[in-house]
Amino acid sequence: DQQVKQNSPSLSVQEGRISILNCDYTNSMFDYFLWYKKYPAEGPTFLISISSIKDKNEDGRFTVFLNKSAKHLSLHIVPSQPGDSAVYFCAAKGLSQGGSEKLVFGKGMKLTVNP
Amino acid sequence: DARVTQTPRHKVTEMGQEVTMRCQPILGHNTVFWYRQTMMQGLELLAYFRNRAPLDDSGMPKDRFSAEMPDATLATLKIQPSEPRDSAVYFCASGLLDRPNQPQHFGDGTRLSIL
């Protein structure tokens, strides 16, 4: 039973356009959400996060939106750059995981930004 | 930038052999995590430590896997005996989780192949 779902395995966009990566979750006890980016042969790198008390968090070209009623979050990258091409993981955590620091990850989505 | 260091980066061995993976967390970080990444399951938490004490190893097969932190600069994950289904990328992550919702920082992983 997957608690964090990234239903689209891949996305391709043109440089300069907006990339929108989606993530759905099923556990209403999740209270903190993170996005990680991963290049081949490297470990995931933290990108941006959002607490459940907010509905938006912005950091430069990256914005994460949280819709708690829909149990949905999205990552917007604008403008997209070729260097953004990577696999993006959505992750969530909450007290229901038996320990406040346990992260549950989605399976990732591969973003390709074409020059 | 400080990084989590994992060794070896690659390991190929035969079924039944003992495998030891090592992780040097970022200096000063108090929490260390072990994850396994497979195509089918994605990123799964195996175990984690806080101040060198094991907090949760519920994600780890107990009969063959063991995780330890002999000191603050070294975490180990052992598999004995190894099986082909253990083939995966194993990531270590660390964090200074002195307050809630601090990100975890990942190493570049050990790619393990059991023949």
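The shown structure was predicted, so the numbers you read here are calculated from the model rather than taken from an experiment.

About the thresholds
- Just so you know, the residues in each chain are numbered from 1, in the order the chain's sequence is written.
- Naming scheme: in the order in which they are written, chains are lettered from A and ligands are numbered from 1.
- Reporting in this predicted model follows two pLDDT cut-offs: at least 70 for local features of residues, and 80 or more for side-chain atom pairs to be given and counted; totals over whole chains, interfaces and linings ignore these cut-offs and use all residues.
- Where side-chain values are given, they derive from all heavy atoms of the structure, hydrogens and water being excluded.
- Helix and strand labels come from DSSP, where a helix needs a run of H or I of at least four residues and a strand needs a run of E of at least two; each type is numbered from the N terminus.
- The working definition used for a salt bridge is a side-chain nitrogen of Lys or Arg within 4 Å of a carboxyl oxygen of Asp or Glu.
- The buried label applies to any residue whose accessible area, calculated with a 1.4 Å probe on protein chains only, is under 20% of its type's maximum; exposed applies above 50%, and partly exposed to all values in between.
- Paired strands are those between which DSSP finds at least two bridges.
- For helices, the fitted axis covers only the stretch in contact; all axes are lines through C-alpha atoms, and the angles between them, taken along N-to-C directions, range from 0 to 180 degrees.
- The definition used for a disulfide is geometric: two cysteine sulfur atoms within 2.5 Å.
- Note on contacts: a residue pair is in contact if any heavy atoms of the two residues lie within 4.5 Å.
- Reported buried area values correspond to the accessible surface (1.4 Å probe) lost by two parts on association, with both partners' losses combined.
- In the analysis that follows, any N or O atom pair within 3.5 Å is treated as a polar contact, provided that within protein one partner can donate a hydrogen and the other can accept it, and provided that, for residues neighboring in sequence, both atoms belong to side chains.
- Each residue receives one of three labels: charged for Asp, Glu, Lys and Arg, nonpolar for Ala, Val, Leu, Ile, Met, Phe, Trp, Tyr, Cys and Pro, and polar for the others, Gly being one of them.

Chemist: I would appreciate a short explanation of unusual backbone geometry in the present structure.
Modeler: What is expected of a backbone is that most residues other than glycine have negative phi and most peptide bonds are trans. Put simply, Val78 of chain A and Pro79 of chain A share a cis peptide bond, and its omega is -10 degrees. Inspection of the secondary structure assignment puts Pro79 of chain A in the loop between strand S8 (72-77) and strand S9 (86-93). The backbone of Lys71 of chain A shows a phi angle near 50 degrees, a positive value even though the residue is not glycine. Considering the arrangement of structural elements, one finds Lys71 of chain A in the loop between strand S7 (62-67) and S8. Even without glycine at this site, Arg52 of chain B takes up a positive phi of about 75 degrees. In this structure, Arg52 of chain B sits in the loop between strand S5 (42-50) and strand S6 (53-56).

Chemist: Please explain the pattern of salt bridges as it appears in this structure.
Modeler: For side chains bearing opposite charge, pairing can occur when the charged atoms are close. Under the definition given, this model contains eight salt bridges over all chains. For Asp84 of chain A, the salt bridge identified is with Arg61 of chain A, shortest N-O distance 2.8 Å. Linking Asp84 of chain A in the loop between S8 and S9 with Arg61 of chain A in the loop between strand S6 (56-59) and S7, this pair joins segments that are 23 residues apart in sequence. The salt bridge partner of Asp108 of chain B is Arg3 of chain B, with a shortest N-O separation of 2.9 Å. With Asp108 of chain B in the loop between strand S10 (105-106) and strand S11 (110-114) and Arg3 of chain B in the segment before strand S1 (5-7), this pair connects stretches of sequence that are 105 residues apart. In this structure Arg3 of chain B comes out as partly exposed when scored by relative accessible area, which is 49%.

Chemist: Explanation requested: the sheet that holds S7 of chain A in the structure shown.
Modeler: Where strands meet in a sheet, backbone hydrogen bonds hold them as pairs that are either parallel or antiparallel. In spatial order, the strands read S1-S3-S8-S7-S6 (chain A); together these five strands make up an open sheet with antiparallel pairing. At either end of the open sheet lies a strand with only one pairing partner, and these are strand S1 (4-5) and S6 of chain A.

Chemist: When you look at the sheet that holds strand S7 (residues 65-71) of chain B in this model, what are you seeing that I'm missing?
Modeler: Residues and elements named next belong to chain B. Here four strands make up an open sheet; going across it, the order is S1-S3-S8-S7 and the pairing antiparallel. The sheet is open, and its two edges are formed by S1 and S7, each paired on a single side. Across the sheet, the mean angle separating the axes of adjacent strands is 20 degrees when strand polarity is ignored. Pairing geometry for strand S3 (residues 19-24) and strand S8 (residues 74-79), over five bridges, is antiparallel. Its bridge partner being in S8, Thr20 is matched across the sheet by Lys78.

Chemist: Whenever I open this one, the state of the cysteines confuses me. Can you help?
Modeler: Linking two cysteines covalently via their sulfur atoms produces the bond known as a disulfide. Considering all chains together, one arrives at two disulfides over all chains under this definition. The disulfide that involves Cys23 of chain A links it to Cys90 of chain A, with 2.0 Å between the sulfurs. Since a negative S-S torsion denotes a left-handed disulfide, the Cys23 of chain A-Cys90 of chain A link at about -75 degrees is left-handed. Placement of Cys23 of chain A in strand S3 (residues 19-25) and of Cys90 of chain A in strand S9 is noted, with a sequence separation of 67 residues between them. The two residues Cys23 of chain A and Cys90 of chain A agree in class, both being buried. What pairs with Cys23 of chain B in a disulfide is Cys92 of chain B, and their sulfur atoms sit 1.9 Å apart. Taking the torsion about the sulfur-sulfur bond, which here is approximately -60 degrees, the covalent link between Cys23 of chain B and Cys92 of chain B counts as left-handed. Linking Cys23 of chain B in strand S3 with Cys92 of chain B in strand S9 (residues 88-95), this pair joins segments that are 69 residues apart in sequence.

Chemist: Would you mind showing me how to read the interface of chain A and chain B here?
Modeler: Reports of interface size often rely on the accessible area that becomes lost once the parts have come together. At the interface, 17 residues of chain A touch 22 residues of chain B. Both faces combined, the contact of chain A with chain B buries some 1,600 Å², and carbon together with sulfur accounts for 55% of it. The largest share of the area that chain A buries against chain B comes from Glu101, Lys102 and Phe105 of chain A, three residues that together contribute 33% of it. Across the pair Asp56 of chain B and Lys102 of chain A runs a salt bridge, and its minimum N-O distance is 3.0 Å. Between chain A and chain B we count five residue pairs in polar contact (both at pLDDT 80 or more) in total. Elements with a contribution of two residues or more to the side of chain A that touches chain B: strand S4 (32-38) and S9 of chain A. With four residues, S4 of chain A is the single largest residue contributor to the side of chain A that touches chain B. Of the residues belonging to the side of chain A that touches chain B, the class tally is nine nonpolar, two polar and six charged.

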